[in-house]
Amino acid sequence: MRGEYLQEVPGVGFHLELQKSFSAYTEKIGEGVNNFKKAKNKKALLPILDKLKKCEALDPERVEEKTLQEVLSISEEEFFLLYQVAGEAIDKENYSSAGSMYTLLCLLNPTASLNWLGLGMAEVSQGNLEEGREVYHLALALDEENPSINLYAAECSFSLGEYNEALSLTETALKNAEEDLELLDIAKSMKQEILLKKA
């Protein structure tokens, strides 16, 4: 996934540009499916992946008001299984595969901020800082007060030299991480590091 596919604030339905080029949409889904097929628990994923084969036969206009997850009748339990496998790819540092998997999750349900967070992590871990920053901001558009998303976005902005943006994101994380001591410590350390750079 690159930013050109979903540049607008995420919402239900297909992105206008993907409706114009439906083959690009199904190609991205195909890439994700191929990476999920390489997972250890592939057998458990096969029924879900079979549902995804229906994508190429879909009429984009038919699903303007629904997410692809709804159109293909992929349950929350099935979706969570895909999400877990994508997370495992991040944990194993298979960032390219993880990026493809999270892209598929974002296309299936662009309203879930954690899908975008995972995709941002995969992009940044591959050195794609600008793409990661863009994706993190899509996640923030859905959940602007989430301290974890703010911290990942802040770290990315910091790496890009966008210190004012990084500081603002860190301040938001500090404000909303009151009950998470670990996140608070990370945010406080990050704020100090940013202020040193700005000094």
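In this numbering scheme, every chain counts its residues from 1 along its sequence in written order. Since the coordinates come from a predicted model, pLDDT governs what is reported: local features require at least 70, and pairs of side-chain atoms require 80 or more to be given and counted, while whole-chain, interface and lining totals use all residues. Side-chain descriptors were evaluated using all non-hydrogen atoms of the structure, hydrogens and water having been removed beforehand.

Observations regarding the overall build of the protein chain
Put simply, DSSP marks the helices as runs of H or I at least four residues long and the strands as runs of E at least two long, and each gets a number from the N terminus on. Helices and strands together make up the secondary structure of the protein chain, namely 11 helices and 0 strands. Taken from N to C terminus, the helices and strands of the protein chain fall in the order α-α-α-α-α-α-α-α-α-α-α. Burial here depends on accessible area, computed with a 1.4 Å probe over protein chains only, as a share of the maximum for the residue type. Under 20% is buried, over 50% is exposed, and the range in between is partly exposed. Of all 199 residues assigned to the protein chain, the portion counted as buried reaches 47%. The contact criterion used throughout is that any non-hydrogen atoms of two residues lie within 4.5 Å. Sequence-distant contacts in the protein chain: of pairs separated by 6 or more residues, those separated by 24 or more amount to 59%. Surface accessibility in these figures is a Shrake-Rupley result with a 1.4 Å probe; residues are shielded only by whichever protein chains are displayed. As presented, the protein chain carries roughly 10400 Å² of accessible surface, and 46% of it is formed by carbon and sulfur atoms.

What to know about the pattern of salt bridges
Salt bridges, as used here, are contacts in which a Lys or Arg side-chain nitrogen is within 4 Å of a carboxyl oxygen on Asp or Glu. The final tally for this structure, using the stated rule, is 3 salt bridges. The closest approach of N and O atoms between glutamate 78 and lysine 51, which form a salt bridge, is 2.8 Å. Taken together, the residues glutamate 78 in helix α5 (residues 76–91) and lysine 51 in helix α3 (residues 42–52) connect sequence positions 27 residues apart. Between lysine 191 and glutamate 171 there is a salt bridge, with its nearest N and O atoms 3.0 Å apart. Of this pair, lysine 191 sits in helix α11 (residues 181–198) while glutamate 171 sits in helix α10 (residues 163–176), and the two are 20 residues apart along the sequence. Judged by its relative accessible area of 27%, lysine 191 falls in the partly exposed class.

A short note on helix α8 (residues 129–142)
Helix span is expected to be 1.5 Å times the residue number reduced by one. For α8, which comprises 14 residues, the first-to-last C-alpha distance of 20 Å matches the rise-based estimate of 20 Å (1.5 Å per residue) to within 8%. If you check which residues of α8 are buried, you get Gly132, Val135, Tyr136, Leu138, Ala139 and Leu140. Contact partners of the buried residues in α8: α7 (113–125), α9 (147–159) and α10.

Regarding unusual backbone geometry
In this structure, serine 73 takes a positive phi of about 55° despite not being glycine. In this structure, serine 73 sits in the loop between α4 (68–71) and α5. Given the relative accessible area of 52%, serine 73 is considered exposed. The phi dihedral of glutamate 93 is positive, around 65°, even though this residue is not glycine. Along the chain, the position of glutamate 93 falls in the loop between α5 and α6 (95–108). Residue glutamate 93 is classed as exposed on the basis of its relative accessible area of 56%.

A short note on the environment of lysine 191
Along the primary structure lysine 191 and leucine 169 are separated by 22 residues, whereas in three dimensions their C-alpha atoms are 9.6 Å apart. With residues up to four places along the chain from it excluded, the contact list for lysine 191 reads Leu167, Thr170, Glu171 and Leu174. Here glutamate 171 takes part through its side chain, which lies 3.0 Å from a polar atom of the side chain of lysine 191. Within 3.5 Å is the distance limit for a polar contact, defined as a pair of N or O atoms, with the added protein rule that one can donate a hydrogen and the other accept it, and that residues adjacent in sequence qualify only through two side-chain atoms.

Focus: a negative patch on the surface
Grouping into patches uses exposed residues only, defined as over 30% relative accessible area, and leaves out salt-bridged ones; the cut-off is 9 Å for like charges and 5 Å for nonpolar side chains (Val, Leu, Ile, Met, Phe, Trp, Tyr). Charge assignment: positive for Lys and Arg, negative for Asp and Glu; neither His nor the chain ends contribute. A single reference atom marks each charge: NZ on Lys, CZ on Arg, CG on Asp, CD on Glu. On the surface, a cluster of negative charge is contributed by Glu178, Glu179, Asp180, Glu182 and Asp185. Checked against the element boundaries, glutamate 178 lands in the loop between α10 and α11. The class of glutamate 178 is exposed, set by a relative accessible area of 60%.

Observations regarding the packing of α5 against α7
One way to put it is that α5 packs onto α7 with a least axis distance of 11 Å and a crossing angle of 20°. Our classification of the angle between α5 and α7 gives roughly parallel. Here α5 and α7 pass one another in a crossing that is left-handed. Contacts between α5 and α7 involve Phe79, Tyr83 and Ile90 from the former and Leu114, Asn115, Gly118, Met121 and Ala122 from the latter. Lines are fitted to the C-alpha atoms to define the axes, a helix being fitted only along its stretch in contact, and any angle between axes, read from their N-to-C directions, falls within 0 to 180 degrees. By definition in this entry, angles of less than 35 degrees are roughly parallel, angles greater than 145 are roughly antiparallel, angles of 65 to 115 are roughly perpendicular, and the rest are oblique. Should the near helix be turned anticlockwise from the far one by less than a right angle, the crossing is termed left-handed; should it be turned clockwise, right-handed.

Looking at the packing of aromatic side chains
Here the aromatic set is Phe, Tyr and Trp, taking the six-membered ring for Trp, and pairing holds for ring centres within 6.5 Å; pairs whose planes are under 30 degrees apart are stacked, those over 60 apart are edge-to-face, and all others are tilted. All told, the structure shown has 4 aromatic pairs when counted by the stated rule. With a centroid separation of 6.4 Å and an interplanar angle of 20°, the aromatic rings of phenylalanine 80 and tyrosine 83 are classed as stacked. Of this pair, phenylalanine 80 and tyrosine 83 both sit in helix α5, 3 residues apart, roughly one helical turn. By relative accessible area, which is 23% here, tyrosine 83 ends up partly exposed. An aromatic cluster is defined as three or more aromatic residues linked by ring pairs; in this entry it consists of Phe80, Tyr83 and Tyr102.

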